[in-house]
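Chain and residue survey
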Amino acid sequence: KQEVTQIPAALSVPEGENLVLNCSFTDSAIYNLQWFRQDPGKGLTSLLLIQSSQREQTSGRLNASLDKSSGRSTLYIAASQPGDSATYLCAVEGGSEKLVFGKGTKLTVNP
Amino acid sequence: GAVVSQHPSRVICKSGTSVKIECRSLDFQATTMFWYRQFPKQSLMLMATSNEGSKATYEQGVEKDKFLINHASLTLSTLTVTSAHPEDSSFYICSARDPTLGRAEAFFGQGTRLTVV
């Protein structure tokens, strides 16, 4: 059974700092990995999707990497801003199109 | 990107009543939609897979008679929580992906906060 772990559970940083969020998964037989952002009481916003054959994806200040063999992914946020404050979720997809989520990292960027 | 709309965003109901939540794909047709449930500070947990024109597939431990799913058209899936109890209070969220894009990113609705009193 696939399990996804995100570390840290919470992170508080000053504005402008670069930061890394971590995601690990137990079964390396994944189809893809997706990072989401969730604001309080809201739905999920897709940030980046990495296919299993890819090593990284970039979108603006965000960069996500994938090391499938070791079961790890990182989300790098450059020059963090208060508007980046949210919970970041990692999810992996196996062969059945079902997503398995981690519990998320709650990020607070202080002005 | 693809848009998935969920309604209502919040609902309060009395114990014993039923509540219907709608999930719509606005700019694509979705043969499959997924329903998740999220408890505070917990992961999203898949409840069921909604299949257009056929029965939903429920995850282990999810009561199909309590959580009725109907996917009557290619753009609409509904989740009905029947005979709701306070323990059903949770955040329910649906997702879908555009099948013309292959197994691309999944898009999620805004979620529904259900409170049963």
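The model shown is predicted, which means the values in this text are computed figures rather than measured ones.

**A closer look at the overall build of chain B**
Across its full length, chain B carries 0 helices and 11 strands. Reading the secondary structure of chain B in the N-to-C direction produces β-β-β-β-β-β-β-β-β-β-β. Relative to the compact-globule value of 13 Å for 117 residues, chain B shows a C-alpha radius of gyration of 14 Å, a close match. Counting only C-alpha atoms and orienting by the principal axes, one finds that chain B spans roughly 40 × 30 × 25 Å. Burial analysis of chain B (117 residues in total) assigns 49% to the buried set.

**Some details on the sheet that holds strand S6 (residues 56–59) of chain A**
All names here are of chain A. Spatial ordering of the open sheet is given by S1-S3-S8-S7-S6, a layout of 5 strands whose pairing is antiparallel. With partners counted over all chains shown, the strands left at the sheet margins are strand S1 (4–7) and S6, one partner each. Adjacent strand axes in the sheet meet at a mean angle of 15°, parallel and antiparallel pairs treated alike. As paired elements, S6 and strand S7 (residues 62–67) share 4 bridges and run antiparallel to each other. Across the sheet, residue Ser59 finds its bridge partner in S7, namely Leu62.

**Observations regarding the interface of chain A and chain B**
Taken together, the contact between chain A and chain B spans 23 residues of the former and 21 residues of the latter. Between chain A and chain B, roughly 1,700 Å² of surface is buried when both sides are summed, and carbon and sulfur atoms account for 49% of that area. Scanning the region where chain A abuts chain B turns up 3 salt bridges. For Arg97(B), the salt bridge is made with Glu93(A), and the minimal N-O distance between the two is 2.7 Å. At the junction of chain A with chain B, the criterion picks out 9 residue pairs in polar contact (both at pLDDT 80 or more). For the side of chain A that touches chain B, a count of residues per class yields 7 nonpolar, 11 polar and 5 charged.

**Remarks on the state of the cysteines**
All names here are of chain B. For the coordinates displayed, the defined rule picks out 2 disulfides over all chains. Cys23 shares a disulfide with Cys94; S-S distance 2.0 Å. Here the disulfide of Cys23 and Cys94 is right-handed, its torsion about the S-S bond being about 85°. Of the two residues, Cys23 sits in strand S3 (residues 19–25) while Cys94 sits in strand S9 (residues 90–96), which places them 71 residues apart along the sequence. For Cys23, a relative accessible area of 0% translates into the label buried. Given a relative accessible area of 0%, Cys94 falls into the buried group. Summary of cysteine pairing: Cys13 is not part of a disulfide, and the nearest cysteine sulfur, belonging to Cys94, is at 18 Å.

**Structural notes on the nonpolar core**
Counting residues in hydrophobic clusters, the biggest one holds 24 residues, and the most contacted among them are Val4(B), Trp35(B), Leu79(B), Tyr92(B) and Leu114(B). Put simply, the parts of the chain that give this core at least two residues each are strand S2 (10–13), S3, strand S4 (32–38), strand S5 (44–51), strand S7 (67–73), strand S8 (76–81), S9 and strand S11 (112–116) of chain B. In this structure, Val13(A), Cys23(A), Trp35(A) and Leu75(A) belong to the second largest nonpolar core, which totals 23 residues.

**As for the packing of aromatic side chains**
The geometry of two aromatic rings is summed up by the distance between their centres and the angle between their planes. In the structure shown here, the tally under the stated rule is 6 aromatic pairs over all chains. Taking 5.6 Å as the distance between ring centres and 85° as the angle between the ring planes, the aromatic pair formed by Phe101(A) and Tyr36(B) counts as edge-to-face. You can see Phe101(A) sitting in strand S10 (residues 99–101) and its partner Tyr36(B) sitting in strand S4, one on each of two chains. Taken together, a centroid distance of 6.3 Å and an interplanar angle of 40° make the contact between Phe67(B) and Tyr92(B) tilted. Residue Phe67(B) is found in strand S7, and its partner Tyr92(B) is found in strand S9; the two are separated by 25 residues along the sequence. In this structure Phe67(B) comes out as buried when scored by relative accessible area, which is 5%. By relative accessible area, Tyr92(B) is classed as buried at 0%. Ring pairs connect the aromatic residues Phe36(A), Phe101(A), Tyr36(B) and Phe108(B), which therefore count as one cluster.

**Some details on the sheet that holds S7(B)**
All names here are of chain B. If you walk across this open sheet you meet the 4 strands as S1-S3-S8-S7, and the pairing is antiparallel. Of all strands in the sheet, those bounded by a partner on one side alone are strand S1 (4–7) and S7. Each strand axis lies, on average, 15° off the axis of its neighbour in the sheet, ignoring direction. One ladder, built from 5 bridges, connects S7 with S8; its direction is antiparallel. Each residue of the ladder has a partner; that of Ile69, found in S8, is Leu79.

Thresholds, definitions, all that
Residues numbered from 1 in each chain as written. Chains lettered and ligands numbered in written order. Predicted model: local features only at pLDDT ≥ 70, side-chain atom pairs only at ≥ 80, totals over all residues. Heavy atoms only, no water. Helix = DSSP H or I, 4+ residues; strand = E, 2+ residues; numbered from the N terminus. Rg over C-alpha atoms; globule rule 2.2 N^0.38 Å. Buried < 20%, exposed > 50% of the residue type's maximum accessible area, 1.4 Å probe, protein only. Pairing = 2+ DSSP bridges. Axes fitted to C-alpha atoms, helices over the stretch in contact; angles between N-to-C directions. Contact = heavy atoms within 4.5 Å. Buried area = accessible area lost by both parts, 1.4 Å probe. Salt bridge = Lys/Arg side-chain N within 4 Å of Asp/Glu carboxyl O. Polar contact = N/O pair within 3.5 Å; in protein donor to acceptor, adjacent residues only side chain to side chain. Nonpolar A, V, L, I, M, F, W, Y, C, P; charged D, E, K, R; others polar. Disulfide = S-S within 2.5 Å. Core = buried A, V, L, I, M, F, W, Y, C linked by side-chain atoms within 4.5 Å. Phe/Tyr/Trp six-rings, centres within 6.5 Å; stacked < 30°, edge-to-face > 60°.

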